[in-house]
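In case you want the letters, here they are:
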Amino acid sequence: MHEPGNKADSDFTGSVCTTRIKTGVGYPQLSAVIECADSAHGLKGHIISDGGCSCPGDVAKAFGAGADFVMMGGMLAGHDECTGEIIEKNGKKYKLFYGMSSDTAMKKYVGGVAEYRASEGRTVEVPYRGDVENTIRDVLGGLRSTCTYVGAAKLKELSRRTTFIRVTQQSSQMFT
């Protein structure tokens, strides 16, 4: 498995969270999971990889780093199963996706962002994606393939079979 060099400094790319940009506080998610998993598991705790997954490989890396759970808000956004209405613009359909510390969430759940604070999340329109089934199948298929490649019979074994190598380019850009 590879840890893309540019993502180590900016988290995975799927996140609407802007906390690190607004506050300078935070830690790259993959690095945080790698550094905390052994200690947490030694204390019978769990690790949740929180944010930024944009493809099944990011989910696999989080589990490979030692996460017990992986949040995939951006990957699941825009589906029928998500709350919110479908917005139509220029013949294309979208749904709103927002971070829980965004202006949108703060207005909806607590009446707004307190005067002394800043919003720490974006609100974005994501393409409408229909039923979530194909996305879930894609993630599960990616995880199964990952386990096959590294020789893990079960997802729980993935972190014991994973070695991370820093690279500067995650995939070939020749045909993109």
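Predicted model, so just to flag it, every value in this text is computed and none were measured.

What follows covers the packing of helix α3 (residues 29–42) against helix α4 (residues 56–65). Viewed as axis vectors pointing N to C, α3 and α4 meet at an angle of 20°, and their least axial separation amounts to 8 Å. Here α4 runs roughly parallel to α3, going by the angle between their axes. Contact residues: α3 offers Leu-30, Val-33, Ile-34 and Ala-37, while α4 offers Lys-61, Ala-62 and Ala-65. Residues that form the contact of α3 with α4 fall into these classes: six nonpolar, no polar and one charged.

For helix α7 (residues 133–150), with 18 residues, the first-to-last C-alpha span of 26 Å sits near the 26 Å given by 1.5 Å per residue. Of all the residues in α7, the buried ones are Thr-135, Val-139, Leu-143, Thr-146 and Cys-147. Buried residues of α7, seen end-on, are gathered within an arc of 110° and therefore sit on one face of the element. Among the exposed residues of α7, those oriented more than 90 degrees off its buried face are Asn-134, Arg-137, Arg-144, Thr-148 and Tyr-149.

Take the packing of α4 against α7 next. Interhelical geometry of α4 versus α7 gives an angle of 50° and a closest axis separation of 8 Å. One finds that α4 runs oblique with respect to α7. Judged by the twist between their axes, the crossing of α4 over α7 is right-handed. Of the residues in α7, those touching α4 at Pro-56, Val-59, Ala-60 and Phe-63 are Asp-138, Val-139, Gly-142, Leu-143 and Thr-146. Residues that form the contact of α4 with α7 fall into these classes: six nonpolar, two polar and one charged.

The three strands are arranged β4-β5-β6 in an open sheet whose pairing can be described as antiparallel. Two strands close off the open sheet at either side, each with one partner strand: β4 (87–89) and β6 (123–127). Strand-to-strand twist in this sheet, taken as the mean axis angle between neighbours without regard to direction, amounts to 45°. Here strand β5 (residues 92–98) runs beside β6; their pairing, made up of five bridges, is antiparallel. Residue pairing for β6: Tyr-98 is matched across the bridge by Thr-123.

Conventions adopted
- Residues numbered from 1 in each chain as written.
- Predicted model: local features only at pLDDT ≥ 70, side-chain atom pairs only at ≥ 80, totals over all residues.
- Heavy atoms only, no water.
- Axes fitted to C-alpha atoms, helices over the stretch in contact; angles between N-to-C directions.
- Helix = DSSP H or I, 4+ residues; strand = E, 2+ residues; numbered from the N terminus.
- Parallel < 35°, antiparallel > 145°, perpendicular 65-115°, else oblique.
- Contact = heavy atoms within 4.5 Å.
- Nonpolar A, V, L, I, M, F, W, Y, C, P; charged D, E, K, R; others polar.
- Expected span 1.5 Å × (residues − 1).
- Buried < 20%, exposed > 50% of the residue type's maximum accessible area, 1.4 Å probe, protein only.
- Arc of directions from axis to C-beta.
- Left-handed = near helix turned anticlockwise from the far one by under 90°.
- Pairing = 2+ DSSP bridges.

Limitation: the analysis is restricted to geometry and does not speak to function.
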